[in-house]
Amino acid sequence: MKLLEQIDDLEHINQKMVNTNGVNNSNVFHSKQMAEIKKDQNWKSFYLKFSDGGVAYIFLVLTKKVPILGNIGYIARGPNINSNELPKLITKLKYWANKNNIFLIKIEPNAAKDELVDIKNQFNLKPARAIQTNSSTIIINISTSEEDLINSFKQKTRYNIRLSARKGVKVGTVKPTDQNLETMYRMMLQMSQRSGVKIKPKEYLFKYWKSFIELGDGAIFFAKDETGKVLAGAFIQFLGGQALYKDGGSTRDKSNLMAPYLLQWEIMKWLKLKGVTSYDMHGATPSGMEDDQSHPFYSVTKFKQGFNKDITDWAGVWDLPIKPLKYLLWSMVGNVYLKFYYLTNNKQTFY
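Peer 1: For this particular structure, what's the right way to read the overall build of the protein?
Peer 2: Helices and strands together make up the secondary structure of the protein, namely 11 helices and 15 strands. Radius of gyration (C-alpha) of the protein: 21 Å, near the 20 Å computed for a compact globule of 351 residues. With respect to the principal axes defined by its C-alpha atoms, the protein has extents near 60 × 45 × 40 Å. Burial analysis of the protein (351 residues in total) assigns 51% to the buried set. Accessible surface for the protein amounts to roughly 16900 Å². Of this, 50% is attributable to carbon and sulfur atoms. Taken together, the 49 basic and 32 acidic charged side chains of the protein have centroids lying 5 Å from each other.

This is the structure we're talking about:
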């Protein structure tokens, strides 16, 4: 059996990932929907299967053509394998990249920074700027009973959940109608303006949400008051045993009703019924910075820590140079130029 092979039959690829990896190792960033959405941004998708010691992982590599230099590769929030297995994978990945005219692969391994010390020296990995917003995040184990789960939250969070329910707030999924999508986007825009965290263009988000919802791997939740006014919303995507709080927002109206707290609790209960065991709340300040009020994630981190105080710091983004000279040109000129070009001409980010 080959250590690394390309999968050309993509029918039911989501199910193949879950069945190959096992429930807890599925990765929402590598779903078929993600590959389809990125196609509109000129990304080409490849699914690779890494097998070693009886364990196999399927993951998505996105590639985009860069003028003169060739192709750049990107593995979002992955590869989702043990850091001990990374050296073998990277060796094979470099060989595969050379065959596909790829001069650089950006990786975001599910490993802690200190786990990459030897690996980064061995393969000349270069630290790069974050692409996803969950290089640091808060992950909640929702595999326990509902009673044990809610009792694991901070006392104030439990109080706010019960207060919100007593005040008549109701939470449920909604259909991806134009009106509901507009409502969701407006709340995200308000949150963005308050925190300074940029969000994707409306057209991109609408397509993203619809794609996952229509295939049954995503849902929009609204928390409403007794009059039906939407106070908070969240878009959740899931694959196998993993779920991601991808997007969210709230209004400042009736903040005394504590709608975001009940919203998250009802989402977790809903996900448990789907067989999800791990809920990634998608973004927090790095460990040790949770009290830094200047950080754009300060407020959301304080909110999320009510559900789990522990922050998970991933290794972040690393550049794996395949062709050193071309990578040097990319670092000096190409990277800056293309980011500027996409923002000014395409009104979207390069990644």
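After presenting the structure, the write-up continues.
Peer 1: Mind showing me how you'd approach the packing of helix α7 (residues 178-195) against helix α8 (residues 202-214) here?
Peer 2: Two quantities define a packed helix pair, namely the angle between the axes and the distance from one axis to the other. Here α7 crosses α8 at 125 degrees, and the two axes come no closer than 11 Å. When the axes of α7 and α8 are compared, the pair comes out oblique. The chirality of how α7 crosses α8 is right-handed. Residues Asp-178, Leu-181, Glu-182, Met-184, Tyr-185 and Met-188 of α7 lie in contact with α8, whose contacting residues are Lys-202, Leu-205, Phe-206, Trp-209 and Lys-210. Residue classes in the contact of α7 with α8 are distributed as 7 nonpolar, no polar and 4 charged.

Peer 1: For this particular structure, what's the right way to read α7?
Peer 2: The end-to-end C-alpha separation of α7 is 26 Å, in line with the 26 Å expected for 18 residues at 1.5 Å each. Considering only its buried residues, α7 is in contact with β9 (170-174), α8, β10 (218-224), β11 (230-239) and β12 (242-250). Taken from the residues just after α7, Gly-196 is the one with a positive phi, measuring 85 degrees.

Peer 1: Can you walk me through the pairing of β10 in this structure?
Peer 2: The two faces of a sheet get side chains in turn, since along a regular strand they alternate between them. The buried count for β10 comes to 6 of 7 residues, which makes it a mostly enclosed element. Where β9 and β10 come together, 5 bridges link them in antiparallel fashion. Residue pairing for β10: Lys-170 is matched across the bridge by Lys-224. For β10 and β11, the ladder comprises 7 bridges, and the chain directions are antiparallel. Residue pairing in the sheet places Phe-222 in a bridge with Gly-233 of β11.

Peer 1: How should the sheet that holds β12 be read in this particular structure?
Peer 2: Within a sheet, adjacent strands bond to each other through the backbone by hydrogen bonds, running parallel or antiparallel. Strands sit in the order β8-β13-β12-β11-β10-β9 across an open sheet of 6 strands; the sheet is mixed. The sheet is open, and its two edges are formed by β8 (139-141) and β9, each paired on a single side. Between one strand axis and the next, the sheet turns by 25 degrees as a mean value, whatever way the strands run. Across 8 bridges, β11 lies against β12 in antiparallel orientation. Across the sheet, residue Gln-237 finds its bridge partner in β12, namely Leu-244. Contacting β9, β10, β11 and β12, α7 runs over the sheet at an angle of about 80 degrees to β12.

Reading guide: rules and limits
- Residues numbered from 1 in each chain as written.
- Predicted model: local features only at pLDDT ≥ 70, side-chain atom pairs only at ≥ 80, totals over all residues.
- Heavy atoms only, no water.
- Helix = DSSP H or I, 4+ residues; strand = E, 2+ residues; numbered from the N terminus.
- Rg over C-alpha atoms; globule rule 2.2 N^0.38 Å.
- Buried < 20%, exposed > 50% of the residue type's maximum accessible area, 1.4 Å probe, protein only.
- Areas by Shrake-Rupley, 256 points an atom, 1.4 Å probe, with all protein chains shown as cover.
- Lys, Arg positive; Asp, Glu negative; His and termini not counted.
- Charge placed at Lys NZ, Arg CZ, Asp CG, Glu CD.
- Axes fitted to C-alpha atoms, helices over the stretch in contact; angles between N-to-C directions.
- Parallel < 35°, antiparallel > 145°, perpendicular 65-115°, else oblique.
- Left-handed = near helix turned anticlockwise from the far one by under 90°.
- Contact = heavy atoms within 4.5 Å.
- Nonpolar A, V, L, I, M, F, W, Y, C, P; charged D, E, K, R; others polar.
- Expected span 1.5 Å × (residues − 1).
- Pairing = 2+ DSSP bridges.

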